[in-house]
Amino acid sequence: MLGAAAAGLWLIVTIANWLLEHWWIPAALAAAAAAATGWWLHQRAQQAKWERVRARALRYALPQLDALHHRQFELAVRDLMRRDGCADAEQVGGAGDNGADVKATDPFGRRWVIQCKHRRAGLAGSPVRTPDLQVLNGTARQVHGADVVILVTNGRFTANCRPFAESQRLHLVDRHLLGEWAAGSRPLWELLHKLPPPRRPSPLS
């Protein structure tokens, strides 16, 4: 036991003496580590800055949206919400999504639940009908806790969709409104009417 302790002490002393004699090696290693950390932090900051610039400049033309796969369309809607200031916007559509394809919180604290209906043929595709709205209406607030419930399509709605939507406080984004929003004119909440009041002041106000 004493022999092991003595050997350990000798090793510590030897290493300490070596470091004293070669002090510049750990100093150089520390400087290299600091430089690497600084470079990594700089790259992260530049990437974040670029992402913010890219998001602000995000624009879609309707033909671009028409050409997307339906899952890509959901991602495009998510990215448009992020562009407008919803940092937590996420695409959640898929099996068992309970009517929600995109969820987001706007700068006013309101929770948005969006269902996307993509039509490859645009206006010539089949219209969105009231059963689609009924499914969304049955889950958006009860299951997902939505303040704002949206159905967005690059196509059109049947005539009886709008009265039903108004009676249930749902918001419809048809091809015309989608085109205006995707072109970057204004955030979606500035293009819609009769939204619930903000939950908190906007950080931009």
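Remember, it's a predicted structure, so these values are computed and weren't measured experimentally.

### A short note on the pattern of salt bridges
Okay, so step 1: On inspection of all chains with the given rule, the structure shows nine salt bridges.
Okay, so step 2: Where Asp 147 meets Arg 199, a salt bridge forms, and the shortest distance between an N and an O atom there is 2.7 Å. Of this pair, Asp 147 sits in the loop between helix H5 (130–139) and strand S4 (148–153) while Arg 199 is found in the segment after helix H8 (188–191), placing the two residues 52 residues apart along the sequence.
Okay, so step 3: The buried category is assigned to Asp 147, whose relative accessible area is 17%.

### Here's the deal with the packing of aromatic side chains
Okay, so step 1: Scanning the model with the defined rule gives two aromatic pairs in all.
Okay, so step 2: Look at Trp 112 and Trp 189: their rings are 5.8 Å apart centre to centre, the planes differ by 65°, and that puts the pair in the edge-to-face class. Linking Trp 112 in strand S3 (residues 111–117) with Trp 189 in helix H8, this pair joins segments that are 77 residues apart in sequence. An identical accessibility class is assigned to Trp 112 and Trp 189; each is buried.
Okay, so step 3: Connected via pairs of aromatic rings, a cluster forms that spans Phe 108, Trp 112 and Trp 189.

### Thoughts on the pairing of S3
Okay, so step 1: A large share of S3 lies buried, amounting to five of its seven residues.
Okay, so step 2: Sheet topology places strand S2 (residues 102–105) next to S3; four bridges connect them, and they run antiparallel. Within S3, the residue paired with Val 102 across the bridge is Ile 114.
Okay, so step 3: In this structure, the hairpin formed by S2 and S3 is closed by a connection of five residues, where Gly 109 is found at a positive phi of approximately 85°.
Okay, so step 4: Here S3 runs beside S4; their pairing, made up of six bridges, is parallel. The residue of S4 that forms the bridge with Val 113 is Val 149.
Okay, so step 5: Note that the unit made of S3, H5 and S4 has a crossover that is right-handed.

### Focus on the side chain of Glu 74
Okay, so step 1: Looking at the secondary structure, you find Glu 74 in helix H4 (residues 70–83).
Okay, so step 2: Classification of Glu 74 as buried rests on a relative accessible area of 4%.
Okay, so step 3: Side-chain polar atoms of Glu 74 contact the side chain of Gln 91, separated by 2.6 Å.

### Things to note about H5
Okay, so step 1: Looking at H5, one finds that the buried residues are Thr 130, Leu 133, Leu 136, Asn 137 and Thr 139.
Okay, so step 2: The secondary structure elements touched by the buried residues of H5 are S3, S4, helix H6 (161–167) and strand S5 (171–173).

### Some words on the sheet that holds S5
Okay, so step 1: With respect to topology, five strands assemble into an open sheet ordered S1-S2-S3-S4-S5, the strand pairing being mixed. The open sheet has two edge strands with one neighbour each: strand S1 (90–91) and S5.
Okay, so step 2: Sitting on the sheet, helix H7 (residues 175–182) is in contact with S4 and S5, with an inclination near 75° to S5.

Criteria and cut-off values
- Residues numbered from 1 in each chain as written.
- Predicted model: local features only at pLDDT ≥ 70, side-chain atom pairs only at ≥ 80, totals over all residues.
- Heavy atoms only, no water.
- Salt bridge = Lys/Arg side-chain N within 4 Å of Asp/Glu carboxyl O.
- Helix = DSSP H or I, 4+ residues; strand = E, 2+ residues; numbered from the N terminus.
- Buried < 20%, exposed > 50% of the residue type's maximum accessible area, 1.4 Å probe, protein only.
- Phe/Tyr/Trp six-rings, centres within 6.5 Å; stacked < 30°, edge-to-face > 60°.
- Pairing = 2+ DSSP bridges.
- Right-handed = clockwise from strand over helix to strand, strands pointing away.
- Polar contact = N/O pair within 3.5 Å; in protein donor to acceptor, adjacent residues only side chain to side chain.
- Contact = heavy atoms within 4.5 Å.
- Axes fitted to C-alpha atoms, helices over the stretch in contact; angles between N-to-C directions.

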